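# Report on the structure
Each chain is listed here by its residues.
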Amino acid sequence: MLLKSGLSVKRALLYNGVSSLLCFLGMIIGLLLGNIHSSLGWIFAAAAGMFLYIAFVDMVPELSVGPPNAVQNLTLQFLGVFIGVLIMLIIAIYEHDLKHIIN
């Protein structure tokens, strides 16, 4: 991906190495903070935010492709986001019941 964006091989390897080191550093920080019970909510919130960011970055460029009618396209996009949020809300509300069903 970095090479396709026009970076040289040397610079792409440098950025890939920096990214790998930062991932390792993040893992260490996560392991250390994971032992502190009061920080778990913040860790989960940050992880959820990162997943949403990654999903939206992948999804937004594809949102312009769809039905030719702009209103229909916007309606389908809003409906998709609304259903996703609704599913997450249901999971959050019935989390304890779902744990018992799974176990």
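Residues numbered from 1 in each chain as written. Predicted model: local features only at pLDDT ≥ 70, side-chain atom pairs only at ≥ 80, totals over all residues. Heavy atoms only, no water.

Turning our attention to the pattern of salt bridges. Overall, the coordinates contain one salt bridge when judged by the stated rule. Between Lys-99 and Glu-95 there is a salt bridge, with the nearest N and O atoms lying 3.8 Å from each other. Of this pair, Lys-99 and Glu-95 both sit in helix 4 (residues 95-102), separated by four residues, roughly a single helical turn. Residue class for Lys-99 comes out partly exposed when judged on its relative accessible area of 44%. (Salt bridge = Lys/Arg side-chain N within 4 Å of Asp/Glu carboxyl O. Helix = DSSP H or I, 4+ residues; strand = E, 2+ residues; numbered from the N terminus. Buried < 20%, exposed > 50% of the residue type's maximum accessible area, 1.4 Å probe, protein only.)

Under the criterion given, the structure shown has one aromatic pair. On the numbers, 6.2 Å between centres and 20° between planes, the contact of Phe-78 with Phe-82 is stacked. Separated by four residues within a single helix, Phe-78 and Phe-82 lie in helix 3 (residues 70-93), roughly one turn from each other. (Phe/Tyr/Trp six-rings, centres within 6.5 Å; stacked < 30°, edge-to-face > 60°.)

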